[in-house]
Amino acid sequence: MSILKRPIVTEKMTGLNKQGKYAFEVELKANKLEIGKAVEKLYGVNVEAVHTMRSLGKKRSKNINGRVVTGKTPTTKKAIVTVAEGEVIDIYADL
């Protein structure tokens, strides 16, 4: 099982790439040390810092054929990884 699920490519995260910060969606049970080692192994860079955040799932409901269907969005965990100065992660190489 891989710790890193996918890189997060948004306008805000692309702006942080100039500062050496990259965002990834990670496993819920992964800690900062595991995330840092996974990024170093996968991309071959030196990781200086890892910041994590959890986004709790929300309840959603919608009307389908006169009935109310309820559900829940999944809980996710994001990590913002800061790499050493002068190093770059090429996220688009895997695409």
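Here, residues in each chain are numbered from 1, in the same order as that chain's written sequence. In keeping with the predicted nature of the model, local features appear solely for residues at pLDDT of at least 70, side-chain atom pairs appear and are counted solely at 80 or more, and the whole-chain, interface and lining totals rest on all residues. Heavy atoms throughout the structure, all of them, feed into the side-chain values; hydrogens and water do not.

1. Things to note about the pattern of salt bridges
Should a side-chain nitrogen of Lys or Arg be within 4 Å of a carboxyl oxygen of Asp or Glu, the pair is scored as a salt bridge. Applying the stated criterion across every chain yields a total of one salt bridge. The residue Arg-6 makes a salt bridge to Glu-25 at a minimum N-O spacing of 2.8 Å. Of this pair, Arg-6 sits in strand S1 (residues 4-7) while Glu-25 sits in strand S2 (residues 21-26), and the two are 19 residues apart along the sequence. Relative accessibility thresholds used throughout: buried, under 20% of the residue-type maximum; exposed, over 50%; partly exposed, between the two (1.4 Å probe, protein chains only). Judged by relative accessible area, Glu-25 falls into the buried class, the value being 14%. Helix and strand labels come from DSSP, where a helix needs a run of H or I of at least four residues and a strand needs a run of E of at least two; each type is numbered from the N terminus.

2. Topic: empty space enclosed by the protein
With a 1 Å grid spanning the protein atoms alone, the term cavity applies to any set of points in which a 1.4 Å probe fits but cannot get out, the term pocket to an open set with protein on both sides within 12 Å along at least five of seven lines, and the term lining residue to any residue with an atom within 4 Å of a point. Grid points are joined across faces, edges and corners, and a volume is the space filled by probe spheres set on the points. All chains considered together, the criterion is met by one cavity of 30 Å³ or more. Estimates place the volume of the largest cavity at around 40 Å³. Ile-8, Val-9, Thr-10, Met-13, Thr-14, Asn-17, Ile-91 and Tyr-92 together form the lining of the largest cavity. Gly counts as polar in this scheme, as do all residues outside two lists: the nonpolar Ala, Val, Leu, Ile, Met, Phe, Trp, Tyr, Cys and Pro, and the charged Asp, Glu, Lys and Arg. Taken together, the residues of the lining of the largest cavity sort by class into five nonpolar, three polar and no charged.

3. So, helix H2 (residues 32-43)
The span one expects for a helix is its residue count, reduced by one, times 1.5 Å. Here H2 is twelve residues long and its end C-alpha atoms lie 16 Å apart, about the 16 Å a rise of 1.5 Å per residue gives. All of the buried residues along H2 are Ile-35, Gly-36, Ala-38, Val-39 and Tyr-43. Viewed along the axis of H2, the buried residues span an arc of 165°, placing them on a single side of the element. In H2, the exposed positions that point more than 90 degrees away from the buried face belong to Leu-33, Lys-37 and Lys-41. Only heavy atoms enter the contact rule, under which two residues are in contact if any of them lie within 4.5 Å. Each element contacted by the buried residues of H2 is listed here: S1, S2, strand S3 (47-55) and strand S6 (76-83). Directions pointing from the helix axis toward each C-beta atom define the arc.

4. Digging into the side chain of Thr-82
Mapping Thr-82 onto the fold places it in strand S6. Thr-82 gets classed as buried once you look at its relative accessible area, which sits at 13%. Once residues within four sequence positions are removed from consideration, Thr-82 is found in contact with Gly-20, Lys-21, Asn-46, Val-47, Glu-48 and Ala-49.

5. Considering the pairing of strand S4 (residues 59-64)
Burial analysis of S4 places just zero of its six residues in the buried class, a small minority of the element. Sheet analysis places S4 next to strand S5 (residues 67-72), joined by six bridges and oriented antiparallel. Within S5, the residue paired with Asn-63 across the bridge is Val-68. In short, DSSP must find at least two bridges between two strands for them to pair. In sequence, S4 turns back onto S5 through a hairpin of two residues, with Asn-65 there showing a positive phi of about 55°.

Remember that the coordinates give geometry; whether it matters functionally is a separate question.
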